[in-house]
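What the coordinates show
Each chain is listed here by its residues.
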Amino acid sequence: HYEYAKCPHAGCNHRMEWIDFKLEMYGDPDGVYKPLVRAWWEGKGFAGRCPSCNQWIHFTTLRMEAVSSEDARGLPQLPDNWHTIAQFA
C-alpha cells in the first residue's frame, strides 16, 4: 500500500495505491521471483516502468520514487509486462 499513490513522475496521474505484484506468476523462480522478493524484503526494492507514462519507478515497501534509466539499471527490475499481471486496487 502506498499512501502517496500517484506515479512519482511529474505530469503523470496514474494511481497505484494497492499493488499485488504477483511475482510468483512469472514462472521463473530463480530469475524473477526470488531476486525480486529478496530485494523487496531487504529494503532495496526494485524498478519497474509506470503503466501510463512508461518512466521508471523505484518501488520499495515505503514509497515509490521516480528514477532515471541509469538508476533503474542498478536495481533489480520487474519484467516489462509486470502491470498486466499485477493486481491494482
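The text that follows walks through the structure, step by step, so that each part is easy to find. (Residues numbered from 1 in each chain as written. Predicted model: local features only at pLDDT ≥ 70, side-chain atom pairs only at ≥ 80, totals over all residues. Heavy atoms only, no water.)

Moving on, we come to the sheet that holds strand β2 (residues 46–49). Reading across the sheet, the 3 strands line up as β2-β3-β4 and stay open at both edges, with antiparallel pairing between neighbours. A strand with exactly one partner marks an edge of an open sheet, and here the two such strands are β2 and β4 (64–66). Between one strand and the next, the sheet's axes are offset by a mean angle of 35°, whatever the strand orientation. Alignment of strand β3 (residues 56–59) against β4, held across 3 bridges, turns out to be antiparallel. Within the sheet, the bridge partner assigned to Ile57 lies in β4 and is Ala66. (Pairing = 2+ DSSP bridges. Helix = DSSP H or I, 4+ residues; strand = E, 2+ residues; numbered from the N terminus. Axes fitted to C-alpha atoms, helices over the stretch in contact; angles between N-to-C directions.)

This part covers the pairing of β3. Side-chain alternation along β3 places Trp56 and His58 on one buried face and Ile57 and Phe59 on a second face that is also buried. With antiparallel pairing between neighbouring strands as the criterion, β2 and β3 make up a hairpin whose turn holds 6 residues, including Asn54 at a positive phi of roughly 65°. Linking β3 back to β4 in an antiparallel pair, the connection comprises 4 residues. (Buried < 20%, exposed > 50% of the residue type's maximum accessible area, 1.4 Å probe, protein only.)

Attention now moves to the pairing of β2. Two elements, β2 and β3, share 4 bridges in a ladder whose sense is antiparallel. Following the sheet pairing, Gly48 is matched in β3 by Ile57.

This paragraph deals with helix α1 (residues 29–42). When α1 is considered as a whole, its buried residues turn out to be Val32, Leu36, Ala39 and Trp40. The buried residues of α1 occupy an angular sector of 100° when projected down its axis, which confines them to one face. Facing away from the buried side of α1, by more than 90 degrees, are the exposed residues Asp30, Trp41 and Glu42. Tucked inside the fold, the buried residues of α1 contact β2 and β3. With its phi angle positive at about 95°, Gly43 sits one or two positions after the end of α1. (Arc of directions from axis to C-beta. Contact = heavy atoms within 4.5 Å.)

Let us now look at the side chain of Thr60. Topologically, Thr60 is positioned in the loop between β3 and β4. In this structure Thr60 touches Tyr2, Trp40, Gly43, Lys44 and Gly45, once residues within four positions along its chain are discounted.

Let us look at the pattern of salt bridges. For the coordinates displayed, the defined rule picks out 4 salt bridges. Lys22 is paired through a salt bridge with Asp20; the nearest N and O atoms lie 3.6 Å apart. (Salt bridge = Lys/Arg side-chain N within 4 Å of Asp/Glu carboxyl O.)

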